Amino acid sequence: MTTQTGIARFIVSPQRFLNRWFGKYDFSFVFWIGFILILLLLIGLPSYWLVLRSLMQVNEGGFTLSNYVEVLTNPRFREAALNSLILATGTGVLSILIGVPLAWATTRTNMPLRGLVRILLLGAFSMPTFLGGIAWILLAAPTSGWLNRVFVELTGTEKGPLDVYTMLGAIFVVGIYSFQYVFLMVSSALEFVSSELEDAATVLGAGTFATTFRITLPLVLPAIISGFILSFLEAIALFGSPTLILIPARINIVTTEIWQQFQYPSNVELASAFSICLVVLTAALLLLQRRLLARKGYTTLTGKAGRKRLIDLGYWKWIFLAFCFLVATLSLFLPVYVLLRTALSKSWGRPLDASNLTLAWFEDVLFKQPFTSVAIQNTLIYAAGAATFAMLVGIAIAYIVNRKLVRFYQVLGFLPMLPLAIPGIVIAVGIFSAYSRPPLVLYGSAAILIVAFTTRFLPIAFSNAGNIFTSINPELELAARNLGATQATTVHKITVPLVQRGLISGWLLVFILSVRELSCAILLYTNNTQVISTALFQLVTEGSYERVAALGIVMLAIIFTTIGIAYKFLGRDFMLEKG
């Protein structure tokens, strides 16, 4: 009789029936377990298969350590590892040389236009590194580079002085897109340094620069080293621009070796062993960075931000301002200019006059070339899907960890941050190993790229949501629970509306990062699942630089439009809310 009554109520008003039913029973635990299982599928399963494949014999299936022996003893692989270390170390040093003066000038001095400089530097940070690498190939290729051609026209010499196809060229290109790690970390640290010690040094007769080198910078040394480590890790895990620049110079690095192991005939087992070695190095450096930050040398005085006085630089403020604009020119203005110039030229090797102007390349990549127009659509769909998926999982796991809803919440809080220590190309190897075999065969579908992007940027979604939940007083949720709401209903009706601005900010960050992602996509895409980054990589290998430039401008338009929308509705600090 009761069952018949329930069916009748469902037929009369299904929505009202379901609302009453879900409000009567608490399915929160099942809900949370579901998200934990999704987390294990995103991170646990690829990690398991990555380790397993690295211990398997090629095409035989037995266990072996021969892949690791091959990685550690093969002279070619040792040379690739050495080249990666040189690239990463050079990038870290260059990042300090650029990032520390910029952070000091914009934080502690009276240099004019400090706000504009910060916006320009963060704008350069938004530019994909591999797109910057393409731009610098157009600028500084030995014979055809625009800067070399200008130099030859002005001086009458046979060739220009620049050659981007060298290790120094790669360090320069990666460095001007990685120094922002040092800049952001040192800027944050300098905000906590009080002027009292600097004032004392000035009273004792020390000059501005002596005080800075002997007092200020030693206090933020942990942040400088930490920024160096992040720049180092960015360079050693990078695939796009080092590959485009160093392969023509016949210089192999670790990430290009992993990529080449996926070319025919593929050797996933050796690529997995190479990947595990890279993960061990990355994890060790991140652990070192965490310990350095735990020292917090810049908070040893009071533990909080102290009184700050802007240092008067005199005429030096104009020299520092010129240096800031030089960095912005090299990392943002010149690359965007040469991309626009090339995209608007019928032939990029000719002068840009009226006879050489055209919009045909934009028409070509947007409407005529099937694979580029499909790549643009795929990029928007996959990036939106990955951002939504990552935020859903990140919100759920962050809530479980923050409110300690399960016994093993500390372990659960560690898992979403694990991809932070794993380079993108290694995540792609793990995803390929896990989802190119039954029972979940995703390779060749859009789902594998969405899963890869979600896994890659889950740490950002998780830390973003975690920081926001920490700021919400749990008493509001407790009040809802006391009134009879279930845990899931409380999150849906009370918590999410309170934090939706921060969650939108996290969604936009993951979306932007997914749009520019190459290192994951390069191993997982097929002809039907091209994205803009892989299409750009393909066009560069074909030498079609006008199409490359037009498609690159389309990518920048998507990124900067998204940033502009976020600035308008969320404020200028939204990029700093990733925690």
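Residues numbered from 1 in each chain as written. Predicted model: local features only at pLDDT ≥ 70, side-chain atom pairs only at ≥ 80, totals over all residues. Heavy atoms only, no water.

### Details of the overall build of the chain
Here comes step 1: Scanning the chain for helices and strands turns up 27 helices and two strands.
Here comes step 2: The 579 residues of the chain split such that 53% are buried.
Here comes step 3: When contacts within the chain are restricted to residue pairs at least 6 apart in sequence, long-range pairs at least 24 apart make up 77% of them.
Here comes step 4: Accessible surface, the chain: about 26,500 Å² in total, of which carbon and sulfur atoms supply 66%. (Helix = DSSP H or I, 4+ residues; strand = E, 2+ residues; numbered from the N terminus. Buried < 20%, exposed > 50% of the residue type's maximum accessible area, 1.4 Å probe, protein only. Contact = heavy atoms within 4.5 Å. Areas by Shrake-Rupley, 256 points an atom, 1.4 Å probe, with all protein chains shown as cover.)

### Considerations on the pattern of salt bridges
Close approach of charged atoms allows side chains of opposite charge to pair.
Here comes step 1: Per the counting criterion, the structure on display carries four salt bridges.
Here comes step 2: Among the salt bridges present, the one from Glu-257 reaches Arg-76, with a minimum N-O distance of 2.8 Å. Taken together, the residues Glu-257 in helix α15 (residues 254-261) and Arg-76 in helix α5 (residues 75-108) connect sequence positions 181 residues apart.
Here comes step 3: Across the pair Glu-517 and Arg-456 runs a salt bridge whose closest N-O atoms are separated by 3.3 Å. Placement of Glu-517 in the loop between α24 (487-515) and α25 (521-524) and of Arg-456 in helix α22 (residues 446-470) is noted, with a sequence separation of 61 residues between them.
Here comes step 4: The exposure class of Glu-517 is buried, given its relative accessible area of 5%. (Salt bridge = Lys/Arg side-chain N within 4 Å of Asp/Glu carboxyl O.)

### Describing unusual backbone geometry
Here comes step 1: In this model, Leu-113 sits at a positive phi of 60 degrees, which is unusual for a non-glycine residue.
Here comes step 2: You can see Leu-113 is positioned in the loop between α5 and α6 (114-126).
Here comes step 3: Backbone geometry places Arg-250, a non-glycine residue, at a positive phi of 60 degrees.
Here comes step 4: Structurally, Arg-250 can be placed in the loop between α14 (240-246) and α15.

### Re the packing of helix α12 (residues 208-219) against helix α13 (residues 221-237)
Here comes step 1: The N-to-C vectors of α12 and α13 enclose an angle of 65 degrees; their axes lie 5 Å apart at closest approach. Here Leu-217, Pro-218 and Leu-219 of α12 lie close against α13, whose contacting residues are Leu-221, Pro-222 and Ile-224.
Here comes step 2: The residue inventory of the contact of α12 with α13, partitioned by class, reads six nonpolar, no polar and no charged. (Axes fitted to C-alpha atoms, helices over the stretch in contact; angles between N-to-C directions. Nonpolar A, V, L, I, M, F, W, Y, C, P; charged D, E, K, R; others polar.)

### As for helix α7 (residues 129-140)
Here comes step 1: Between its first and last C-alpha atoms α7 spans 16 Å; for 12 residues at 1.5 Å apiece the expected length is 16 Å, and the two agree.
Here comes step 2: Counted residue by residue, α7 has 12 buried out of 12 residues, so it is predominantly covered.
Here comes step 3: When α7 is considered as a whole, its buried residues turn out to be Thr-129, Phe-130, Leu-131, Gly-132, Gly-133, Ile-134, Ala-135, Trp-136, Ile-137, Leu-138, Leu-139 and Ala-140. (Expected span 1.5 Å × (residues − 1).)

### Some remarks on the nonpolar core
Here comes step 1: Residues Trp-136, Leu-339 and Ile-397 are the most contacted members of the largest nonpolar core, which totals 176 residues.
Here comes step 2: With 16 residues, helix α19 (residues 370-402) is the largest single contributor of residues to this core.
Here comes step 3: Each residue touching Trp-136, except ones within four places of it in the same chain, is listed here: Ala-141, Leu-147, Val-164, Phe-172, Val-173, Ile-176, Tyr-177, Leu-330, Leu-334 and Pro-335. (Core = buried A, V, L, I, M, F, W, Y, C linked by side-chain atoms within 4.5 Å.)

### Things to note about the environment of Arg-250
Here comes step 1: Classification of Arg-250 as exposed rests on a relative accessible area of 78%.
Here comes step 2: In this structure, the C-alpha to C-alpha distance between Arg-250 and Thr-166, residues 84 residues apart in sequence, is 9.2 Å.

### Description of a nonpolar patch on the surface
Here comes step 1: Together, Phe-209, Phe-213, Tyr-315, Trp-316, Trp-318 and Ile-319 make up an exposed nonpolar region whose accessible area comes to about 690 Å².
Here comes step 2: Listing elements by their share of the nonpolar patch, those giving two or more residues are α12 and α17 (316-343).
Here comes step 3: If you tally residues by element for the nonpolar patch, the top one is α17, at three residues.
Here comes step 4: Exposure remark for Phe-209: the relative accessible area of 32% places this residue in the partly exposed category. (Patch = residues over 30% accessible without salt bridge, like charges linked within 9 Å, V, L, I, M, F, W, Y side chains within 5 Å.)

### Details of the confidence of the model for the chain
Low pLDDT means the predicted atomic positions in that stretch should not be read closely.
Here comes step 1: Model confidence for the chain is summarised by a mean pLDDT of 82, while 88% of its residues fall at 70 or above.
Here comes step 2: Contacts from residues 298-304, a stretch scored under 50 in pLDDT, to residues over four places away or in other chains number 11 contacts. (pLDDT = per-residue confidence, 0-100.)

### Things to note about the side chain of Thr-256
Here comes step 1: Of note, Thr-256 is situated in helix α15.
Here comes step 2: Every residue in contact with Thr-256, bar those within four places of it in the chain, is listed here: Phe-239, Thr-243 and Ile-247.

### Concerning helix α9 (residues 167-175)
Here comes step 1: In terms of burial, α9 is a largely internal element, seven of the nine residues being buried.
Here comes step 2: Those residues of α9 not exposed but buried are Met-167, Gly-169, Ala-170, Ile-171, Val-173, Val-174 and Gly-175.
Here comes step 3: In this fold, the buried residues of α9 make contact with α5, α7, α10 (179-190), α13 and α14.

### Some thoughts on the packing of aromatic side chains
Here comes step 1: Overall, the coordinates contain 13 aromatic pairs when judged by the stated rule.
Here comes step 2: Relative to Trp-259, the ring of Phe-239 lies with its centre 5.6 Å away and its plane at 65 degrees, an arrangement referred to as edge-to-face. Taken together, the residues span a long stretch of sequence, with Phe-239 in the loop between α13 and α14 and Trp-259 in helix α15 at a distance of 20 residues. Of the two residues, Phe-239 and Trp-259, both sit in the buried class.
Here comes step 3: Counting every residue linked through ring pairs, the aromatic cluster contains Phe-239, Trp-259 and Phe-537.
Here comes step 4: If you follow Arg-437 out to its NZ or CZ, it ends over the ring of Trp-49, 4.2 Å from the centre. (Phe/Tyr/Trp six-rings, centres within 6.5 Å; stacked < 30°, edge-to-face > 60°. Lys NZ or Arg CZ within 6 Å of the ring centre and 35° of its normal.)

### Points about the packing of α6 against α17
Here comes step 1: Between α6 and α17, the shortest axis-to-axis distance is 9 Å and the interhelical angle comes to 25 degrees. Between α6 and α17, the angle falls in the class roughly parallel. Every pair of crossing elements has a handedness; the one defined by α6 and α17 is left-handed. Facing α6, whose interface residues are Leu-116, Val-117, Leu-120, Leu-121, Gly-123 and Ala-124, α17 presents Leu-321, Cys-324, Phe-325, Val-327, Ala-328, Ser-331, Leu-332 and Phe-333.
Here comes step 2: Among the residues making up the contact of α6 with α17, the classes are represented as 12 nonpolar, two polar and no charged. (Parallel < 35°, antiparallel > 145°, perpendicular 65-115°, else oblique. Left-handed = near helix turned anticlockwise from the far one by under 90°.)

### Considerations on the environment of Ile-258
Here comes step 1: Secondary-structure assignment places Ile-258 in helix α15.
Here comes step 2: Counting along the chain gives 13 residues from Ile-258 to Ala-271, while the straight-line C-alpha distance between them is 5.0 Å.
Here comes step 3: Those residues in contact with Ile-258 that sit more than four places away from it in its chain are Ala-271, Phe-274, Ser-275, Leu-278, Ile-425 and Val-429.

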